[in-house]
Amino acid sequence: FLASDSLKGRNTGSYEEIIANNYVRDNWAIKKRKSKILTWNYQIITSEDTIQSQMIGSFIDNKSKQTLVIGAHIDHIGLGGELSKSYGKNDVHNGADDNASGVAILIELQRYYSIKKLPFNMLFIAFTGHEIGTFGAEYITKQLTKKYGELFCMLNFDMIGRMDIHSKKLFVSCSDQLSNSFTSSDIVISLTDNSRLNILDTKHFVQQGIPSATFTTGMHDDYHRISDDSEFINYSGMYETLLFLENWINTQAAMLMK
């Protein structure tokens, strides 16, 4: 659904971005007193325009002083424009991998952890304003208050739907504090240059001193092109990635409970 033509590329501030936000909201699990939906309305001021945007989040309250943040940007580039690599094309850029794939993982993790007790809270955010300058992540780091607990780690998913069926690699850029924690016997974890943290939504969390990691299955020729469609998504690879992430989160929880 997130990569369907009907959403017209989920451009920042568009009506279709709101529909995408509503889809996430409707698919997240809500439990009384434990998990709730958050909505932030904010302005993006660029050199050319002022854009009204909305961001959706979910806070799972496990009555802890610590909180794990998990995010993925929901916006894409709409009908292309200057950000398109499909030169001469002015058509729907569905952004199946970039970043409907990351949002799909975000949805599934929220649903899973809404019914699982952990020794820390969880804050899920579907960032907007990413493609035009990570404005959503910048805004949200200025809005988070102590009522959400101390943010001890941030995980980000961006283009996580194209795992190679042969190499089964998941590329991870992370803060030094996390570099030894990502291991798997099922997929190949490839640690990459952590400078990527400073160009993605993670940038604003790193600037706050929050250890962060971003995950991707890698760049491909369909990036920012009209050909980034759902037919090319490796769904079994996404499922393996989901299991890896759940295992990592559960391991962190077990370590804290010792």
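Residues numbered from 1 in each chain as written. Predicted model: local features only at pLDDT ≥ 70, side-chain atom pairs only at ≥ 80, totals over all residues. Heavy atoms only, no water.

Quick word on the overall build of the protein chain
The following threshold applies: Working definition: helices are DSSP H or I runs of at least four residues, strands are E runs of at least two. Numbering for both runs from the N terminus. Each radius of gyration is computed over the set of C-alpha atoms, and the globule rule expresses the reference value as 2.2 Å times the number of residues to the power 0.38. A simple rule labels every residue: compare its accessible area, found with a 1.4 Å probe on the protein chains alone, to the largest value its type can have, and call it buried under 20%, exposed over 50%, or partly exposed in between. By the convention used here, residues are in contact when the closest approach between their heavy atoms is within 4.5 Å.
A count of helical and extended segments in the protein chain gives five helices and eight strands. For the protein chain, the C-alpha radius of gyration of 17 Å lies close to 18 Å, the compact-globule estimate for 258 residues. In terms of principal-axis extent, the alpha carbons of the protein chain reach across some 60 × 40 × 30 Å. Here the protein chain, with 258 residues, has 55% of them falling under the buried criterion. A separation of at least 24 residues holds for 75% of the contacts in the protein chain among residues at least 6 apart in sequence.

As for the pairing of strand E8 (residues 212-216)
As a reminder, the rule being used: By the convention used here, strands pair only if DSSP detects at least 2 bridges between them.
A large share of E8 lies buried, amounting to five of its five residues. Neither face of E8 is open: one carries Ser-212, Thr-214 and Thr-216, the other Ala-213 and Phe-215, and all of them are buried. For strand E6 (residues 169-174) and E8, the ladder comprises four bridges, and the chain directions are antiparallel. From the neighbouring strand, Phe-171 faces E8, where its bridge partner is Thr-216.

A closer look at helix H3 (residues 135-143)
Using the following cut-off: It is the directions from the helix axis to the C-beta atoms whose arc is reported.
Within H3, the full set of buried residues consists of Gly-136, Ala-137, Ile-140 and Thr-141. One side of H3 holds all its buried residues, which, seen down the axis, span an arc of 130°. Here the buried face of H3 lies against strand E1 (35-45), strand E2 (50-60), strand E4 (121-127) and helix H4 (203-206).

Concerning the side chain of Asp-98
Worth spelling out the cut-off: We score Asp and Glu as negative and Lys and Arg as positive, and we do not count His or the chain ends. Any Lys or Arg side-chain nitrogen found within 4 Å of a carboxyl oxygen on Asp or Glu counts as a salt bridge. Nitrogen and oxygen atoms within 3.5 Å of one another constitute a polar contact, given that in protein one can donate a hydrogen and the other can accept it, and given that sequence-neighbouring residues count only through two side-chain atoms.
Position of Asp-98 among the secondary structure elements: in helix H2 (residues 96-113). Despite its burial, Asp-98 pairs with no opposite charge; the closest candidate is Arg-10, at 6.4 Å N-O. Among the polar contacts made by the side chain of Asp-98, one reaches the side chain of His-224 at a distance of 3.3 Å.

Details of the nonpolar core
Heads up, the condition is: For this analysis, a nonpolar core means a set of buried residues of the types Ala, Val, Leu, Ile, Met, Phe, Trp, Tyr and Cys, connected via side-chain atoms within 4.5 Å.
Counting residues in each nonpolar core, the largest one holds 47 residues, and the members touching the most others are Ile-70, Met-122, Leu-155, Phe-157, Phe-182, Phe-215 and Ile-249. The biggest single contributor to this core is H2, with eight residues. Not counting residues within four places of it along the chain, the set of residues in contact with Ile-249 comprises Leu-68, Ile-70, Tyr-113, Leu-118, Phe-120, Met-122 and Leu-155. With 19 residues, the next largest nonpolar core counts Leu-38, Leu-144, Tyr-148 and Ile-210 among its residues.

Some thoughts on the packing of helix H1 (residues 15-27) against H2
Selection rule: Working convention: axes come from line fits to C-alpha atoms, limited for helices to the stretch in contact. Angles between N-to-C directions cover 0 to 180 degrees. Comment on the angle field: the value is read as roughly parallel under 35 degrees, roughly antiparallel over 145, roughly perpendicular from 65 to 115, and oblique elsewhere. Note: crossing handedness is left-handed where the near helix turns anticlockwise from the far helix by less than a right angle, and right-handed where it turns clockwise. In the scheme used here, Gly and all other residues not listed as nonpolar or charged are polar, with Ala, Val, Leu, Ile, Met, Phe, Trp, Tyr, Cys and Pro taken as nonpolar and Asp, Glu, Lys and Arg as charged.
The geometry of H1 relative to H2 is characterised by a closest axis approach of 9 Å and an angle of 25° between their N-to-C directions. When the axis of H1 is compared with that of H2, the two are roughly parallel. The two elements H1 and H2 meet at a crossing, and its hand is right-handed. Of H2, the residues touching H1 (which contributes Tyr-23, Val-24 and Asn-27) are Val-103, Ile-107 and Arg-111. Of the residues contributing to the contact of H1 with H2, the split by class is four nonpolar, one polar and one charged.

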